[in-house]
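One letter stands for each residue in the lines below.
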Amino acid sequence: MIPASYKPKKRFMQLAITEAKRARDRGDYPIGAVITRLTGRREAVIASAGNRVKTSGSSIKHVELEMLKYVSSGYGRYLPDFVLYSTHEPCAMCAVACVRSRIGAVVYGVSQEDIAAYGRKCGTEDYKWRASRLPTLGFRSHLVRSMARIPPNSGRQCIGRASP
């Protein structure tokens with residue numbers, strides 16, 4: 001079980017960002033994730049990966065879902081001692097998978113609100129569907145923390161248009 005006093009570690013989010021960059025470099029959506037296991041005061045990386053939705057040709061190959069499946073195959077159905085770090089707030093499908101796996105905590109970088117704002121400003125008509133606010137289906141009952149909230153008027157510019 002992850003204690004309420006748990007503090008997310010920047011180095012694990014940095015690893016997730018590195019995985020997101022690798023996903024982008026191979027032509028996929030730039031989303032990365034890391035799963036760690038908390039044992040006493042020690043937290044260790046169990047797995048890390050980048051998104052494979054575009055490169056696999058499957059719309060359900062979200063990195064969070066694939067990581068949960070992988071870790072569950074080795075550690076069992078429920079993951080109360082594990083933390084999922086993701087560069088993006090999990091979508092509804094991945095949020096439900098987190099709830100069903102009983103993962104101890106989820107730490108994300110960019111919120112659905114930030115994704116939606118970016119999509120409205122920089123997305124193409126084909127891409128904007130990814131930037132919609134989705135219900136989290138009870139996901140908020142778990143420990144959820146955003147590490148990198150981007151202020152709405154931070155001067156951040158569009159760095160390119162995503163392709164469908």
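Note: the structure precedes this text.
All values derive from a computational prediction rather than experimental measurement.

**Re the nonpolar core**
Core analysis: the biggest nonpolar cluster contains 20 residues, and Ile35, Leu68, Leu84 and Ile103 have the highest contact counts within it. Only strand 1 (32–39), helix 3 (63–75), strand 3 (82–88) and helix 4 (92–101) provide two or more residues apiece to this core. It is helix 3 that provides the largest number of residues to this core, a total of five residues. In contact with Leu68, not counting residues within four places along its chain, are Ile35, Leu79, Cys94, Ala97, Cys98, Ser101 and Ile103. Counting residues in hydrophobic clusters, the runner-up holds 11 residues, among them Tyr6, Met13, Ala16 and Val34.

**Topic: the pairing of strand 3**
Among the seven residues that make up strand 3, seven are buried, leaving the element largely enclosed by the rest of the structure. In this sheet, strand 3 lies alongside strand 1 in antiparallel orientation, the contact comprising five bridges. For Thr36, the partnering residue across the bridge sits in strand 3 and is Val83. The pairing of strand 3 with strand 4 (residues 105–110) spans five bridges and is parallel. When the sheet's bridge partners are listed, His88 is paired in strand 4 with Val110. In this fold, strand 3 hands off to helix 4, which returns the chain to strand 4; that crossover is right-handed.

**Some words on the side chain of Glu19**
Residue placement: Glu19 occurs in helix 1 (residues 10–25). Taking the relative accessible area as the measure of exposure, Glu19 reaches 8% and is therefore buried. Aside from chain neighbours lying at most four places away, what touches Glu19 is Gly32, Ala33, Ser48, Ala49 and Gly50.

**Observations regarding the environment of Tyr78**
Topologically, Tyr78 is positioned in the loop between helix 3 and strand 3. Sequence-wise, Tyr78 and Arg102 are 24 residues apart; in three dimensions their C-alpha atoms are separated by 5.4 Å. In terms of polar contacts, Tyr78 uses its side chain to reach the side chain of Arg77, at 3.4 Å.

**A look at the environment of Phe82**
In this structure, Phe82 sits in strand 3. By relative accessible area, Phe82 is classed as buried at 3%. Sequence spacing of Phe82 and Ile46 is 36 residues, and the spatial spacing of their C-alpha atoms is 8.9 Å. In this structure Phe82 touches Ile2, Ile35, Thr36, Arg37, Ile46, Val71, Tyr75, Ile103, Gly104 and Ala105, once residues within four positions along its chain are discounted.

**Some details on the packing of aromatic side chains**
Evaluation of the coordinates by the stated rule reveals two aromatic pairs. Their ring planes at 55° and their centres at 5.5 Å tell us that Phe12 and Tyr85 sit as a pair that is tilted. Residue Phe12 is found in helix 1, and its partner Tyr85 is found in strand 3; the two are separated by 73 residues along the sequence. Classification of Tyr85 as buried rests on a relative accessible area of 0%. Their ring planes at 65° and their centres at 5.1 Å tell us that Tyr75 and Phe82 sit as a pair that is edge-to-face. We note Arg102 situated over the ring of Tyr78; from NZ or CZ to the ring centre the distance is 3.9 Å.

The rules we used
Residues numbered from 1 in each chain as written. Predicted model: local features only at pLDDT ≥ 70, side-chain atom pairs only at ≥ 80, totals over all residues. Heavy atoms only, no water. Core = buried A, V, L, I, M, F, W, Y, C linked by side-chain atoms within 4.5 Å. Buried < 20%, exposed > 50% of the residue type's maximum accessible area, 1.4 Å probe, protein only. Helix = DSSP H or I, 4+ residues; strand = E, 2+ residues; numbered from the N terminus. Contact = heavy atoms within 4.5 Å. Pairing = 2+ DSSP bridges. Right-handed = clockwise from strand over helix to strand, strands pointing away. Polar contact = N/O pair within 3.5 Å; in protein donor to acceptor, adjacent residues only side chain to side chain. Phe/Tyr/Trp six-rings, centres within 6.5 Å; stacked < 30°, edge-to-face > 60°. Lys NZ or Arg CZ within 6 Å of the ring centre and 35° of its normal.

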